[in-house]
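A structural walkthrough
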Amino acid sequence: MRKPISEIKKINKITIPMDAVKLIIEKLSDDLIWDYDEINGELIILRRPESYVDALMGLGEEMWKKAGGTKYIDEIRKEWDS
């Protein structure tokens, strides 16, 4: 692998070593989502899902189980009606 450090030039371009590009394509395919996590200061590269609905299904499920699930939601809705 070539040097693992890249510099962003004045023209706002970055060179990614070909070995890294080949690894990304091998592991994730060539249809990618690039995102920057401002909290952690990390660049995230994800495989673009065929279906965003399927990819996001169940997101937050653990949180709702801890809160009490549908029982919790029903109690909150009753408070709204009061």
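Notes on the structure follow. (Residues numbered from 1 in each chain as written. Predicted model: local features only at pLDDT ≥ 70, side-chain atom pairs only at ≥ 80, totals over all residues. Heavy atoms only, no water.)

Comments concerning the overall build of the protein
Our working rule: Here a helix means four or more residues in a row that DSSP labels H or I, a strand means two or more in a row labelled E, and each is numbered from the N terminus. As defined in this context, the radius of gyration uses C-alpha atoms, and a globule is described by 2.2 Å times the residue total to the power 0.38. Categorising residues by exposure relies on relative accessible area from a 1.4 Å probe, with only protein chains included: less than 20% of the type maximum marks a residue as buried, more than 50% marks it as exposed, and the intermediate range marks it as partly exposed. Only heavy atoms matter for contacts: two residues are in contact if any of them lie within 4.5 Å across the pair. Values of accessible area rely on a 1.4 Å probe in the Shrake-Rupley scheme; residue burial ignores everything except the protein chains shown. Counted as positive: Lys and Arg. Counted as negative: Asp and Glu, with His and the chain ends omitted from the count. For this purpose, a charge sits on NZ of Lys, CZ of Arg, CG of Asp or CD of Glu.
For the protein, the helix and strand inventory stands at four helices and two strands. Its helices and strands in sequence order give the protein the pattern α-β-β-α-α-α, from N to C terminus. By the compact-globule yardstick of 12 Å for 82 residues, the protein is too spread out, its C-alpha radius of gyration being 21 Å. With the C-alpha coordinates of the protein rotated into their principal frame, the extents come out at 65 × 25 × 20 Å. Per-residue burial for the protein yields a buried fraction of 7% across its 82 residues. For the protein, restricting intrachain contacts to residue pairs at least 6 apart in sequence, the fraction spanning at least 24 positions comes to 0%. Just so you have it, the protein exposes about 8,000 Å², and 56% of that area is on carbon and sulfur atoms. Counting 14 positive and 17 negative side-chain charges, the protein places the averaged centre of each group 8 Å from the other.

As for the pairing of strand 1 (residues 32-37)
Condition: For two strands to be treated as a pair, DSSP must find no fewer than two bridges joining them.
As paired elements, strand 1 and strand 2 (residues 42-47) share six bridges and run antiparallel to each other. Bridge pairing links aspartate 35 to isoleucine 44 in strand 2. The turn linking strand 1 back onto strand 2 is made up of four residues, and glycine 41 within it adopts a positive phi angle of 65°.

Concerning the packing of aromatic side chains
The geometry of an aromatic ring pair comes down to the distance between the two centres and the angle between the two planes. The cut-off we apply is this: Stacked, edge-to-face and tilted are the three classes for Phe, Tyr and Trp ring pairs, Trp counted by its six-membered ring, which pair at centre distances within 6.5 Å; planes under 30 degrees apart are stacked, over 60 edge-to-face, the rest tilted.
In this structure the tally under the stated criterion is one aromatic pair. Ring centres of tryptophan 64 and tyrosine 72 lie 6.1 Å apart, and the angle between their planes is 45°; on these two criteria the pair is classed as tilted. Accessibility expressed as a relative area gives 33% for tyrosine 72, which makes it partly exposed.

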